[in-house]
Structures are given as structure tokens and as C-alpha cells.
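In case you want the letters, here they are:
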Amino acid sequence: MSQAAGAVLLHESALHRMIGGRAIMAAQLRHLAELSKLPNATVRINPYRAGMAWGILHGQFVILEFGVDSKNRPVEPPVVYLEGGPSSDVLEEAFLADGLVGVRDSKRPDDRPLVFAAGDWDAFASALRDGEFG
């Protein structure tokens, strides 16, 4: 049985903030180090010098990636899904020919939409409604 892949993104301050005492903090840091060695896991640290990313302040988020083409380039740029953020982020969908669905951010109407197979978009939308991402 294979394990699910996972990614962790922490701000550098989380590595220095003492929670629960020295022994607990040491155990948490060891756990992160061991997690980073797994072939299906990624641990990333957002350094102080990079500033604070809004997604880290918000809490949990999901990064959606859409695969790569034959030259190993991303087919589409990654998209971040934030549940219940402070803004009114709205995705618009359009049903296109050949069973495709176009999706775009309503605040960026001039951007090229992302295009999904209808079944893939339906599965993603169902997962959002069912709370599978948080």
C-alpha cells in the first residue's frame, strides 16, 4: 500500500518559536527532519528574508498542479486554494466545446482561463464541497 504524498510549508519563525518546552520542540524538529527524508514528502521553509506569504498567515491551503508537457514544462501554472480567506475570491466556470470547462478568477477577467476535462473539474468541485481539502 502506498502512502499519500504531502508537502509542508513553514515560515522560518515556526522553527524558532518555543511551543511546549525544549523537549517537545526538539521532538517536533526531529519529526520534520525525518519527514523531509520520505520520497513522497516535501518540507519547505519560507525564510525571514522572503517576507511573510499571505497563505502562511491564513493557515492551511492546497497547491494544485496540472502536470508537465513532453518538455517537462508545467502545462498550467499552479493554483492555490484557500478556504475562507478574507477576500471574495470567485472562480468563474464556462462550459466549452468537447466537454471542457474553462475556469478563471473573476477579478482577473483578462487572464487566460485554465481548461479542464469536465470530469476532472467536477471531481475537484465535489471534493471542495465535501471538505476534502481542509
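Since we're looking at a predicted model, the values are computed, not measured.

> What should I look at first to understand the overall build of the chain in this one?
A count of helical and extended segments in the chain gives three helices and seven strands. When the helices and strands of the chain are placed in sequence order, the string is β-α-β-α-β-β-β-β-β-α. Per-residue burial for the chain yields a buried fraction of 15% across its 134 residues. Contacts in the chain between residues at least 24 apart in sequence constitute 41% of all its contacts with a sequence separation of at least 6. Carbon and sulfur atoms provide 56% of the accessible area of the chain, an area that totals close to 10100 Å².

> Looking at this model, I keep getting lost on the pattern of salt bridges. Mind explaining?
For side chains of opposite charge, pairing can occur when their charged atoms come near one another. On inspection of all chains with the given rule, the structure shows two salt bridges. Lysine 37 is the partner of glutamate 34 in a salt bridge, and the nearest nitrogen-oxygen pair spans 3.2 Å. The closest approach of N and O atoms between aspartate 69 and arginine 73, which form a salt bridge, is 3.1 Å. A relative accessible area of 29% places aspartate 69 in the partly exposed class.

> When you look at the nonpolar core in this model, what are you seeing that I'm missing?
The nonpolar side chains of soluble globular proteins are, as a tendency, buried together. Leu64, Val101, Val103, Leu114, Phe116, Trp121 and Phe124 form the largest nonpolar core, which has seven residues in total. When contributions to this core are tallied by element, the ones reaching two or more residues are β6 (100-105), β7 (114-117) and α3 (118-129).

> I would appreciate a short explanation of unusual backbone geometry in the present structure.
Only a minority of non-glycine residues have a phi that is not negative, and only a minority of peptide bonds are not trans. You will see that asparagine 72, though not glycine, has its phi angle at about 65 degrees, which is positive. Locating asparagine 72 in the fold gives a position in the loop between β3 (61-64) and β4 (79-82).

> Explain the pairing of strand β1 (residues 6-11) here, please?
Moving residue by residue along a regular strand, the side chains alternate between the two faces of the sheet. Relative to strand β2 (residues 41-46), β1 runs parallel, the two sharing six bridges. What sits directly across from alanine 7, in β2, is threonine 42. Viewed along the sheet, the connection from β1 through helix α1 (residues 22-36) into β2 turns out right-handed.

> Just checking my understanding: could you explain the packing of aromatic side chains for this structure?
Describing an aromatic ring pair means giving the distance of the ring centres and the angle of the ring planes. Within the structure shown, the criterion is met by one aromatic pair. Here phenylalanine 66 and phenylalanine 116 contribute two aromatic rings whose centre-to-centre distance is 5.3 Å and whose plane-to-plane angle is 70 degrees, an arrangement assigned as edge-to-face. In this pair, phenylalanine 66 sits in the loop between β3 and β4 while phenylalanine 116 sits in strand β7, placing the two residues 50 residues apart along the sequence. Take phenylalanine 66: its relative accessible area is 26%, and that puts it in the partly exposed class.

> I tried to follow the environment of tyrosine 48 on my own but got confused; where do I start?
Examined against the element boundaries, tyrosine 48 turns out to sit in the loop between β2 and α2 (54-58). Residues tyrosine 48 and histidine 11, 37 residues apart in the sequence, show an inter-C-alpha distance of 7.4 Å. When residues no more than four places from it in sequence are discounted, the contact partners of tyrosine 48 are His11, Glu12, Ser13 and His16.

> Looking at this model, I keep getting lost on a nonpolar patch on the surface. Mind explaining?
Taken together, the side chains of Leu96, Leu100 and Val115 make up a nonpolar region of the molecular surface, amounting to roughly 220 Å² of accessible area. Mapping valine 115 onto the fold places it in strand β7. Residue class for valine 115 comes out partly exposed when judged on its relative accessible area of 41%.

> How should the confidence of the model for the chain be read in this particular structure?
Regions with low pLDDT should not have their predicted coordinates read in detail. For the chain, per-residue confidence averages 75 on the pLDDT scale, and 72% of positions sit at 70 or higher. By mean pLDDT, α2 is the weakest element of the chain at 52, and α1 is the strongest at 88.

Calculation rules
- Residues numbered from 1 in each chain as written.
- Predicted model: local features only at pLDDT ≥ 70, side-chain atom pairs only at ≥ 80, totals over all residues.
- Heavy atoms only, no water.
- Helix = DSSP H or I, 4+ residues; strand = E, 2+ residues; numbered from the N terminus.
- Buried < 20%, exposed > 50% of the residue type's maximum accessible area, 1.4 Å probe, protein only.
- Contact = heavy atoms within 4.5 Å.
- Areas by Shrake-Rupley, 256 points an atom, 1.4 Å probe, with all protein chains shown as cover.
- Salt bridge = Lys/Arg side-chain N within 4 Å of Asp/Glu carboxyl O.
- Core = buried A, V, L, I, M, F, W, Y, C linked by side-chain atoms within 4.5 Å.
- Pairing = 2+ DSSP bridges.
- Right-handed = clockwise from strand over helix to strand, strands pointing away.
- Phe/Tyr/Trp six-rings, centres within 6.5 Å; stacked < 30°, edge-to-face > 60°.
- Patch = residues over 30% accessible without salt bridge, like charges linked within 9 Å, V, L, I, M, F, W, Y side chains within 5 Å.
- pLDDT = per-residue confidence, 0-100.

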